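As a plain string of letters, each chain reads:
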Amino acid sequence: MNKNTISEPATCLLCGSDRLKRIQRDLPAEDGSLFSILECVACRLGMIDPILPPQTLSGFYPEDYYSYREMTDDQEADAGLYERVSRYIRTQTYQEHYLPVSKKTMKLSDRICMKALAYLGGFRFGLSLPPQNGGRILDVGCGDGFFLRSVKNIGWEVHGMEMSEEAVHRAKSMGVEQVTRGTFDDASYPENYFDVIRFWSVLEHIYDPLATLAKVNRFLKPGGLLVLQVPNYRSAAARWAGSRWSAWDVPRHLYHFSSRSLKTLLEKSNFRMTRWGTCSVGTLPTSLTRHPGLILRITGLLLDKILDWGRRGDCLVVFAAHSDKNRSADIN
């Protein structure tokens, strides 16, 4: 396939409609090739045009791709204040949001501090799980295991999948041993094996989300949860930034979701959405400039928080349970 050739997909992957309209054109990739974004008028699924074949697309995921690498403990000492504070809040958020009921016996002052930080971090790093007692979790596209290391330290049995050989090595070197190199297509876990399966900034990279969620169905236990986070192309940041919105991320992001199309995807995959919201990751400042300064970052944080309250933030976060199994994961 010629990377510079615009091709018209015949129908929408999700609903089969042929009513597709072009909402962005001539978005440049890192190598200068140009792409468009099409939107299904019927279900609001967005899709890149053209979609590159896997052997071509793999070249856009170098070993230094940002999601493969976290700041190591040694590097933290040399990092700026913003990065260090963000990392600390992120750790506290993950631990509070995934803290098993049986582990909630720490000192009251520590619990209050963790909850306060998790409230701040929740707008960036997700929503809290419903009360549960830990269990077994799979993080698909786990990078070098920062999230898994955080929840392992509070009692979860952690598993990860990652395409990058270097990221897998880094995860194992930081104590997250059960990380497999490969894509979710390669996964071969037992049925009804996991309490939680997490796709954080991953589903938009997958060629066939419907087939992927069908496979998730088999691996989740009754009562288990699917946790999804994807960019929200109908967000305020995407509308304001237009073609400069950083989460178009061509050609890596193959599909683009709204709350409507994500709900449709889940329903077609026999999942029911039990909770959803938005959790902004700061796409607006990075869309305006490649190196946002501290003032712009803080302004973006405040604006993101307001937008997330109104569910207009730049990323969608969803909890879902399988609708055909005997589930106990309803969330208010």
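Rules used throughout
Residues numbered from 1 in each chain as written. Predicted model: local features only at pLDDT ≥ 70, side-chain atom pairs only at ≥ 80, totals over all residues. Heavy atoms only, no water. Helix = DSSP H or I, 4+ residues; strand = E, 2+ residues; numbered from the N terminus. Buried < 20%, exposed > 50% of the residue type's maximum accessible area, 1.4 Å probe, protein only. Areas by Shrake-Rupley, 256 points an atom, 1.4 Å probe, with all protein chains shown as cover. Lys, Arg positive; Asp, Glu negative; His and termini not counted. Charge placed at Lys NZ, Arg CZ, Asp CG, Glu CD. Axes fitted to C-alpha atoms, helices over the stretch in contact; angles between N-to-C directions. Parallel < 35°, antiparallel > 145°, perpendicular 65-115°, else oblique. Left-handed = near helix turned anticlockwise from the far one by under 90°. Contact = heavy atoms within 4.5 Å. Nonpolar A, V, L, I, M, F, W, Y, C, P; charged D, E, K, R; others polar. Pairing = 2+ DSSP bridges. Phe/Tyr/Trp six-rings, centres within 6.5 Å; stacked < 30°, edge-to-face > 60°. Lys NZ or Arg CZ within 6 Å of the ring centre and 35° of its normal. Disulfide = S-S within 2.5 Å. pLDDT = per-residue confidence, 0-100.

J.: Just checking my understanding: could you explain the overall build of the chain for this structure?
T.: For the chain, the helix and strand inventory stands at eleven helices and eleven strands. Here the C-alpha coordinates of the chain stretch approximately 60 × 50 × 40 Å along the principal axes. For the chain, the proportion of its 332 residues judged to be buried stands at 52%. Per element, the accessible surface of the chain, about 15400 Å² overall, is 52% carbon and sulfur. Distance between charge centres in the chain, computed from 42 positive and 37 negative side chains, equals 6 Å.

J.: What am I meant to see in the packing of helix H7 (residues 209-219) against helix H9 (residues 259-268) here?
T.: Pairs of packed helices are described in terms of their axes, by the angle between the two and the distance that separates them. Between H7 and H9, the shortest axis-to-axis distance is 9 Å and the interhelical angle comes to 50 degrees. By the angle between their directions, the pair H7 and H9 is classed as oblique. Here H7 runs over H9; the crossing is right-handed. Together, Pro209, Leu210 and Leu213 of H7 and Leu265, Leu266 and Lys268 of H9 make up the contact between the two elements. Across the contact of H7 with H9, the residue classes break down as five nonpolar, no polar and one charged.

J.: Got a minute to help me understand the sheet that holds strand S10 (residues 271-278) in this structure?
T.: Two modes of strand pairing occur in sheets, parallel and antiparallel, and in both the strands are linked by backbone hydrogen bonds. One open sheet holds the seven strands; their spatial order is S6-S5-S4-S7-S8-S11-S10, and the pairing between them is mixed. Single-partner strands in this sheet number two, and they are strand S6 (179-181) and S10. Along the sheet, successive strands turn relative to each other by an average axial angle of 15 degrees, direction set aside. Where strand S7 (residues 194-200) meets strand S8 (residues 220-231), six bridges bridge the pair, whose relative direction is parallel. The partner of Val196 across the bridge, within S8, is Leu225. Sitting on the sheet, H7 is in contact with S7, S8, S10 and strand S11 (315-322), with an inclination near 150 degrees to S8.

J.: Whenever I open this one, the pairing of strand S1 (residues 20-28) confuses me. Can you help?
T.: For a regular strand, the rule is simple: side chains alternate between the two faces of the sheet. Two strands pair when backbone bridges link them, and S1 and strand S2 (residues 34-40) are joined in this way by six bridges, in the antiparallel orientation. The residue bridging Lys21 from the neighbouring strand is Glu39, located in S2. The hairpin formed by S1 and S2 contains five residues between the paired strands, and Gly32 there has a positive phi angle of roughly 90 degrees.

J.: Is there a simple way to think about the sheet that holds S1 in this case?
T.: Taken in spatial order, the four strands make up an open sheet running S1-S2-S3-S9, and their pairing is antiparallel. Of all strands in the sheet, those bounded by a partner on one side alone are S1 and strand S9 (255-256). Taken together, the two bridges between strand S3 (residues 46-49) and S9 define a ladder with antiparallel strand orientation. Residue pairing in the sheet places Gly46 in a bridge with His256 of S9.

J.: Looking at this model, I keep getting lost on the packing of aromatic side chains. Mind explaining?
T.: What describes a pair of aromatic rings is the distance from one ring centre to the other and the angle between the planes of the rings. Considering all chains together, one arrives at 15 aromatic pairs under this definition. Summarising the aromatic geometry, the rings of Tyr189 and Tyr193 are spaced 6.3 Å apart at their centres and angled 15 degrees between planes, so their arrangement reads as stacked. An aromatic cluster is built from Tyr94, Tyr98, Phe125, Phe146, Phe147 and Trp156, whose rings are joined through pairwise contacts. Positioned above the aromatic ring of Tyr193 is the side chain of Arg136, whose terminal nitrogen or guanidinium carbon lies 4.0 Å from the ring centre.

J.: Is there a simple way to explain the state of the cysteines in this structure?
T.: Note on terminology: disulfide describes a covalent bond linking the sulfur atoms of two cysteines. On inspection of all chains with the given rule, the structure shows zero disulfides. A disulfide-free cysteine, Cys43 has its sulfur positioned 3.6 Å from the sulfur of Cys12, the nearest such atom. Residue classification places Cys43 among the buried residues on the basis of a relative accessible area of 4%. Among the cysteines around Cys142, which has no disulfide bond, Cys279 carries the closest sulfur, lying 18 Å off. Classification of Cys142 by relative accessible area gives buried; the value is 7%.

J.: Which parts of the structure should I look at to understand the confidence of the model for the chain?
T.: Interpreting fine coordinate detail is not advised for predicted regions of low pLDDT. Summarising the model, the chain shows a mean pLDDT of 88, and 90% of its residues fall at 70 or more. Confidence over residues 1-6 falls short of pLDDT 50; this stretch has 22 contacts with residues more than four positions distant or in other chains. Note on residues 326-332: pLDDT under 50 across the span, and 23 contacts to partners over four residues away in sequence or across chains.

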